[in-house]
Amino acid sequence: LLHFFNTTSYCWHWSDGYVNFSHQALRNATEFRYLPTKLEKIGVHRQLGGYFRTLPLGRRRLDEEAWQWMMGESWLELLTTINNFAYFPRLYDQNNGTLHCDL
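What comes next is a walk through the structure. (Residues numbered from 1 in each chain as written. Predicted model: local features only at pLDDT ≥ 70, side-chain atom pairs only at ≥ 80, totals over all residues. Heavy atoms only, no water.)

We now examine the side chain of E64. Following the sequence through the fold, E64 ends up in helix α4 (residues 59-71). Its relative accessible area of 15% is what places E64 among the buried residues. Those residues within four positions of E64 in sequence are excluded, and the remaining contacts are Y18 and F52. (Helix = DSSP H or I, 4+ residues; strand = E, 2+ residues; numbered from the N terminus. Buried < 20%, exposed > 50% of the residue type's maximum accessible area, 1.4 Å probe, protein only. Contact = heavy atoms within 4.5 Å.)

Quick look at the packing of α4 against helix α5 (residues 75-82) now. Between α4 and α5, the shortest axis-to-axis distance is 8 Å and the interhelical angle comes to 160°. With respect to their mutual orientation, α4 and α5 come out roughly antiparallel. The handedness of the crossing between α4 and α5 is left-handed. Contacts between α4 and α5 pair E65, A66, W69 and M70 from the former with W75, E77, L78, T81 and I82 from the latter. Grouping the constituent residues of the contact of α4 with α5 by class yields six nonpolar, one polar and two charged. (Axes fitted to C-alpha atoms, helices over the stretch in contact; angles between N-to-C directions. Parallel < 35°, antiparallel > 145°, perpendicular 65-115°, else oblique. Left-handed = near helix turned anticlockwise from the far one by under 90°. Nonpolar A, V, L, I, M, F, W, Y, C, P; charged D, E, K, R; others polar.)

Another point: the pattern of salt bridges. Two side chains carrying opposite charge are able to pair once their charged atoms lie near each other. Taken as a whole and assessed by the stated rule, the structure comprises seven salt bridges. E31 is the salt-bridge partner of K41, the closest N and O atoms lying 2.9 Å from each other. Of this pair, K41 sits in helix α3 (residues 38-54) while E31 sits in helix α2 (residues 24-34); the two residues are 10 residues apart in sequence, bridging distant segments of the chain. E31 gets classed as partly exposed once you look at its relative accessible area, which sits at 34%. Between E73 and K38 there is a salt bridge, with its nearest N and O atoms 3.3 Å apart. Here K38 lies in helix α3 and E73 lies in the loop between α4 and α5, a separation of 35 residues in the sequence. A network of salt bridges, in which partner residues are shared, links R53, R61, E65 and E77. (Salt bridge = Lys/Arg side-chain N within 4 Å of Asp/Glu carboxyl O.)

Below is the structure:
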């Protein structure tokens, strides 16, 4: 896998522990190949929401969990997440004004 990333490094953007496509066309082609239907996209977002729910309450979970539930159209899970008193106040970082959840 590391060899793959090294030989295709022009395709990826690495930042702060995240790996993203460096070109929108690559993102679109990959999505079309692996998630061709809306139901498949919704299913993956629900799986990711479940994964992020298992992580400790930190920056990555704050950035991802509620957004994944929203994109997965899991409204009860989204409501449960943002109504969590440990979660909600931490969505806004008072030190630098960062909002960690773009709903």
